[in-house]
Amino acid sequence: MEYIVELLKIILPAGLVIYGMYLVVVSFLSKDRESKLVELKTQNTKVVLPIRLQAGERLCLLLERLTPNNLVRRVNDQSYSARELHGLLLQEIREEYNHNLSQQVYFSDDTWESVKSAVEGVITLVNSSMQDVNPDDKGMDLAKRIFQRSLDQKNDGISFALKKVKSEIRVYF
């Protein structure tokens with residue numbers, strides 16, 4: 001019996017020392033892992049943040065370029081008929097949108113949906129304005145109608161989408 005007591009006197013403190021060492025090592029490894037994760041996130045932020053900001057700039061530029069006022073002024077020419085201007089406007093909208101499709105990766109689904117809705121709203125505005133004019137009329141008549149409808153709209157999808165993009169970018173500052 002004395003033998004067991006003597007053995008326990010040796011094994012019990014040794015076990016406690018080993019358990020203590022185990023806790024120290026696990027704690028050390030956990031803190032080391034956390035510090036590496038923080039470092040990785042910091043490096044990731046240095047790379048991703050500028051890209052996200054650039055994506056925000058591109059979406060803002062897309063939306064500004066697609067405002068009816070800017071769009072018509074950029075595309076319109078005195079020699080175009082309403083039909084020709086209509087086709088050019090739709091082509092310009094689609095090209096701008098397709099050129100910036102990849103930017104959706106950097107934004108929330110909600111923000112991207114607002115951008116999509118804004119683009120669709122401009123297409124609807126152009127199409128509905130075209131229905132109000134004769135296809136053989138001058139392009140200027142279509143442009144005037146687009147401007148008028150744009151002023152009459154109560155819900156401006158482009159302004160809403162711009163606010164969403166800007167608010168999402170402001171999160172990083």
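See above for the structure.
In this report, we go over the structure that sits alongside the text. Small disclaimer: the values here were computed from a predicted structure and weren't measured.

Each value, and the rule that gives it
Residues numbered from 1 in each chain as written. Predicted model: local features only at pLDDT ≥ 70, side-chain atom pairs only at ≥ 80, totals over all residues. Heavy atoms only, no water. Helix = DSSP H or I, 4+ residues; strand = E, 2+ residues; numbered from the N terminus. Contact = heavy atoms within 4.5 Å. Phe/Tyr/Trp six-rings, centres within 6.5 Å; stacked < 30°, edge-to-face > 60°. Buried < 20%, exposed > 50% of the residue type's maximum accessible area, 1.4 Å probe, protein only. Axes fitted to C-alpha atoms, helices over the stretch in contact; angles between N-to-C directions. Parallel < 35°, antiparallel > 145°, perpendicular 65-115°, else oblique. Left-handed = near helix turned anticlockwise from the far one by under 90°. Nonpolar A, V, L, I, M, F, W, Y, C, P; charged D, E, K, R; others polar. Patch = residues over 30% accessible without salt bridge, like charges linked within 9 Å, V, L, I, M, F, W, Y side chains within 5 Å. Areas by Shrake-Rupley, 256 points an atom, 1.4 Å probe, with all protein chains shown as cover. Salt bridge = Lys/Arg side-chain N within 4 Å of Asp/Glu carboxyl O. Core = buried A, V, L, I, M, F, W, Y, C linked by side-chain atoms within 4.5 Å. Expected span 1.5 Å × (residues − 1). Arc of directions from axis to C-beta.

Turning our eyes to something else, we now look at the side chain of Lys164. Looking at the element boundaries, Lys164 is found in helix α6 (residues 157-170). Apart from residues lying up to four places away in sequence, Lys164 is in contact with Asp110, Thr111 and Ser114.

Below, the discussion takes up the packing of aromatic side chains. A full pass over the atoms with the stated rule returns one aromatic pair. Their ring planes at 25° and their centres at 6.0 Å tell us that Tyr97 and Trp112 sit as a pair that is stacked. You can see Tyr97 sitting in helix α3 (residues 82-99) and its partner Trp112 sitting in helix α4 (residues 109-131), a full 15 residues away along the chain. Of the two residues, Tyr97 and Trp112, both sit in the buried class.

As a further point, take the packing of α3 against helix α5 (residues 139-152). Two elements in contact, α3 and α5, have axes separated by 7 Å at closest approach and are oriented at 55°. Relative to α5, the element α3 is oriented oblique. Judged by the twist between their axes, the crossing of α3 over α5 is right-handed. Along its contact with α3, which presents Ala82, Leu85, His86 and Leu89, the element α5 presents Gly139, Leu142, Ala143 and Ile146. Residues belonging to the contact of α3 with α5 are distributed by class as follows: six nonpolar, two polar and no charged.

Our next topic: a nonpolar patch on the surface. On the surface, a cluster of nonpolar side chains totalling about 890 Å² of accessible area is made up of Met1, Tyr3, Ile4, Val5, Leu7, Leu8, Ile10 and Ile11. Structurally, Ile11 is set in helix α1 (residues 2-65).

A few words now on the nonpolar core. Core analysis: the largest hydrophobic core is formed by 34 residues, its most contacted members being Leu63, Leu89, Ile93, Val115 and Val165. Of all the secondary-structure elements, those providing two or more residues to this core are α1, α2 (68-75), α3, α4, α5 and α6. Not counting residues within four places of it along the chain, the set of residues in contact with Ile93 comprises Leu66, Leu71, Val119, Val122, Ile123 and Val126.

So, about the packing of α1 against α6. When two helices pack together, their arrangement is given by the angle between the helix axes and the distance between those axes. Where α1 meets α6, the axes come as close as 10 Å, and the angle between the chain directions of the two elements is 170°. In terms of their interaxial angle, α1 and α6 are classed as roughly antiparallel. Together, Arg52, Leu53, Gly56, Glu57, Leu59, Cys60, Leu63 and Glu64 of α1 and Ile158, Ala161, Leu162, Val165, Lys166, Glu168 and Ile169 of α6 make up the contact between the two elements. Residues belonging to the contact of α1 with α6 are distributed by class as follows: nine nonpolar, one polar and five charged.

A separate point is the environment of Asp110. Position of Asp110 relative to the elements: it lies in helix α4. For the pair Asp110 and Ala161, spaced 51 residues apart in sequence, the C-alpha to C-alpha distance is 9.7 Å.

Attention shifts here to the side chain of Ser129. On the secondary structure map, Ser129 appears in helix α4. For Ser129, a relative accessible area of 0% corresponds to the buried category. Those residues in contact with Ser129 that sit more than four places away from it in its chain are Leu142, Arg145, Ile146 and Arg149.

Moving on to α5. Every α-helix carries 3.6 residues per turn, so stepping three or four residues along brings you back to the same face. Taking 1.5 Å per residue as the helical rise, α5 with its 14 residues ought to reach 20 Å, and the 20 Å between its terminal C-alpha atoms agrees with that figure. What α5 keeps buried is the set Gly139, Leu142, Ala143 and Ile146. Along the axis of α5, the buried residues cluster in a sector spanning 100°; they form a single face. Residues of α5 that are exposed and point over 90 degrees away from its buried face: Lys144 and Leu151. The inward-facing, buried residues of α5 abut α2, α3 and α4.

Before going further, it helps to spend a moment on α2. Every buried residue belonging to α2 is among Pro68, Leu71, Val72 and Val75, and all of these are buried. Buried positions in α2, seen along its axis, are confined to an arc of 90° and lie on one side of it. Contacts made by the buried residues of α2 are with α1, α3, α4, α5 and α6.

Distances and angles like these do not, on their own, reveal function.
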